[in-house]
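Residue-level structure breakdown
For reference, the chains in residue letters:
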Amino acid sequence: MNKKQIIGLIISIAVLMAAFFLPIPMGLTDKGLITIGLLLFFLIMLITEALPVGVICFLCLALLPTLGVTKNLTAGLSGFTNTILFFVLASFGLAEAVASTPIVQRILHALLKKFGKDVKTCVLAIMVAGAIVSSIVTDVPSVVVFMGIGASFLKLFVNAADRQQTAKSLMIGIPIAVMLGGLMTPAGSGINILTIGLLQNLAGIQITFIQWMVCSIPIVMVMILLAWFVLTKIFPPAEIEQTEIQAYMTTIEVKEKVSSRELKVIFIGLGMITFWLLSSFFPAIEVTVVALFGCVCFFLPGIKILTWERYMKAVSWTSFILIGTVLCIANTIVANGVSDWFVTYILPSSLSFSIMEGVFFVAVLSFVIMLIVPVAPALIGVLTPVIISLAATTGINPALLIITLGLCAGNCYLFPIDTIPLITYTAGHYKMTDMPKATVWLQLAFIGLATLWLPIAGNLIGLV
């Protein structure tokens, strides 16, 4: 273990132990205080990476009944009964099916052909392609694919200084675009699914595919262009000859016609998206059922896009366990009255918001707490019960505030600490301090756009 891990382990244990000896605050039970201690223990362990993520989750699940905050382990594991977890599993099948074909290359080549006039517009084309792909393919495989594309593009620069100069805007832009694209549909990110699942689990309110997309897509479209503009202004890429760009486009061009394998993936993917959209109008269509049927189709005789072995390797079991654990802890926070206590005793008693003020408050709160808890699933697990209780006191539809939370949590890129930006950061193209030079302005812009658009969107989709 390194120094950071040892310190994290010591602090997390000390915080958990303190919950047994501190005086119980007014309005909170002893179970509630221990629940807060366990929550802080979980967060500190995650942030300091004191143990592997899966091990931290197993430990916290075991501590739920051991510390007496749940009746038994069965009650503690309630989060793993959420259907959203199986949606996450099925989405990995769709992601792997798309990745197994040259569909991504075709999309990128088409965009470069249209917009790739110079290096700046090539950066834009790569970012737009990344956003499009990540709207249905989960963020991690998307950023890995586009980091490889970005690395191949950088090879065009013979001069090392020009290559490094261009790499900053490109390699910071790729994870930002992927994370933004992942917000466009519920299927785009596990963060979206976790947000929707917690709202349904804790408040009994279902956010439909179309409701989510109406809220997210206009913001994402503006943010992609804004992110590109800000990045290329702060980190202007070096220019190369148009002939060299054309040569690169030739290397990524898929000259073969669309294969039957690609057609199968496109047909099944479009079928899943169609039924997901229809679920907004026909509640009998369950999005997780559609995802499971779609995933199964990739394995059927005559289709055989995936094998079980390949699928098992593609699944991020760490993500599955982390999301399930967050759901379990969130359920416990509600069951032991912690969220109600926070709203009643911590927030001002006279708190009153208009819809726009409520969205602004949640957006700012999300980004501020993200500085302390830069782990999006944990952030959502902590804030969702509190925001649902807050919505009840202010009379705002909790769905609108929870969508705000989910969208903001999906923008965890102030520093390259989240998994997605870490993937490009570890390649060594930019420093830890480079990213916030651009992203601080993007996160402020996101707060403004969310504040302006979400109340309008909420009115359009019946959440206001």
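Predicted model, so just to flag it, every value in this text is computed and none were measured.

Right, let's talk about helix α6 (residues 103-115) for a bit. Along its 13 residues, α6 runs 18 Å from first to last C-alpha, staying within 8% of the 18 Å computed at 1.5 Å per residue. All buried positions along α6 are accounted for by Ile103, Val104, Leu108, His109, Leu111 and Leu112. Contacts made by the buried residues of α6 are with α5 (84-99), α7 (119-134), α8 (139-154), α12 (242-252) and α13 (260-278).

Turning next to a nonpolar patch on the surface. Side chains of Ile13, Met17, Phe20 and Phe21 sit close together on the surface and give an oily, nonpolar patch of about 440 Å² of accessible area. Among the secondary structure elements, Phe20 is positioned in the loop between α1 (3-18) and α2 (30-48).

Turning our attention to the pattern of salt bridges. This model, assessed by the stated rule, comprises four salt bridges. Residue Asp434 is joined to Lys168 by a salt bridge in which the shortest nitrogen-to-oxygen separation is 3.7 Å. Taken together, the residues span a long stretch of sequence, with Asp434 in helix α22 (residues 434-460) and Lys168 in helix α9 (residues 160-181) at a distance of 266 residues. On the accessibility criterion, Lys168 (24% relative accessible area) is partly exposed. Salt bridges sharing partners connect three or more residues here, namely Lys168, Asp434 and Lys437.

It is the contact of α13 with helix α14 (residues 287-297), at a shortest axis distance of 9 Å, that shows an interaxial angle of 170°. Classified by the interaxial angle, the pair formed by α13 and α14 is roughly antiparallel. Contacts between α13 and α14 involve Ile268, Met272, Phe275 and Trp276 on the former and, on the latter, Val287, Val290, Ala291, Gly294, Cys295 and Cys297.

Within the largest apolar cluster, 165 residues are counted, with the highest numbers of intra-cluster contacts made by Phe42, Trp276 and Phe446. Ranked by residues supplied to this core, first place goes to helix α11 (residues 209-234) with twelve residues.

Enumeration according to the criterion identifies twelve aromatic pairs in this entry. Their ring planes at 40° and their centres at 5.4 Å tell us that Phe87 and Trp276 sit as a pair that is tilted. On the criterion of sequence distance, the pair formed by Phe87 in helix α5 and Trp276 in helix α13 is long-range, its members being 189 residues apart. Given the relative accessible area of 2%, Trp276 is considered buried. Plain terms: the ring middles of Trp308 and Tyr311 are 5.1 Å apart, the flat faces sit at 35° to each other, and that makes the pair tilted. Residue Trp308 and its partner Tyr311 are located together in helix α15 (residues 308-314), separated by three residues, close to a single helical turn.

When pLDDT is averaged along the protein chain, the result is 88, and 98% of the positions lie at 70 or above. Here helix α17 (residues 338-346) stands out as the least confident element of the protein chain, with mean pLDDT 77; α11 is the most confident, with 96.

Turning our attention to the environment of Phe267. Relative to the assigned elements, Phe267 resides in helix α13. In sequence terms Phe267 and Leu154 are 113 residues apart; their C-alpha atoms lie 34 Å from each other.

The next point concerns the side chain of Thr166. Here Thr166 lies in helix α9. A relative accessible area of 0% means that Thr166 is categorised as buried. Here the side chain of Thr166 touches Asp162 through a polar contact of 2.9 Å, landing on its backbone oxygen. Not counting the four nearest positions on each side in its chain, Thr166 is found in contact with Val119, Leu154, Phe157, Pro237 and Ala238.

Before going further, it helps to examine empty space enclosed by the protein. Tallying each qualifying case throughout the model produces two cavities of 30 Å³ or more. The computed volume of the largest cavity comes to approximately 40 Å³. Within the residue set of the lining of the largest cavity, elements represented by two or more residues are α5 and α8. Considering only enclosed or pocket space, the second largest cavity measures out at about 40 Å³ in volume. Contributing to the lining of the second largest cavity are Leu39, Phe42, Val326, Ile329, Ala330, Ile333, Ala378, Gly381 and Val382. Of all elements in the fold, only α2, α16 (317-335) and α19 (376-394) reach the threshold of two or more residues within the lining of the second largest cavity. The biggest single contributor to the lining of the second largest cavity is α16, with four residues. Of the residues that constitute the lining of the second largest cavity, the class distribution is eight nonpolar, one polar and no charged.

Analysis parameters
- Residues numbered from 1 in each chain as written.
- Predicted model: local features only at pLDDT ≥ 70, side-chain atom pairs only at ≥ 80, totals over all residues.
- Heavy atoms only, no water.
- Helix = DSSP H or I, 4+ residues; strand = E, 2+ residues; numbered from the N terminus.
- Expected span 1.5 Å × (residues − 1).
- Buried < 20%, exposed > 50% of the residue type's maximum accessible area, 1.4 Å probe, protein only.
- Contact = heavy atoms within 4.5 Å.
- Patch = residues over 30% accessible without salt bridge, like charges linked within 9 Å, V, L, I, M, F, W, Y side chains within 5 Å.
- Areas by Shrake-Rupley, 256 points an atom, 1.4 Å probe, with all protein chains shown as cover.
- Salt bridge = Lys/Arg side-chain N within 4 Å of Asp/Glu carboxyl O.
- Axes fitted to C-alpha atoms, helices over the stretch in contact; angles between N-to-C directions.
- Parallel < 35°, antiparallel > 145°, perpendicular 65-115°, else oblique.
- Core = buried A, V, L, I, M, F, W, Y, C linked by side-chain atoms within 4.5 Å.
- Phe/Tyr/Trp six-rings, centres within 6.5 Å; stacked < 30°, edge-to-face > 60°.
- pLDDT = per-residue confidence, 0-100.
- Polar contact = N/O pair within 3.5 Å; in protein donor to acceptor, adjacent residues only side chain to side chain.
- 1 Å grid on protein atoms, 1.4 Å probe; cavity = no way out; pocket = protein on both sides within 12 Å on 5 of 7 lines; lining within 4 Å.
- Points joined across faces, edges and corners; volume = space filled by probe spheres on them.
- Nonpolar A, V, L, I, M, F, W, Y, C, P; charged D, E, K, R; others polar.

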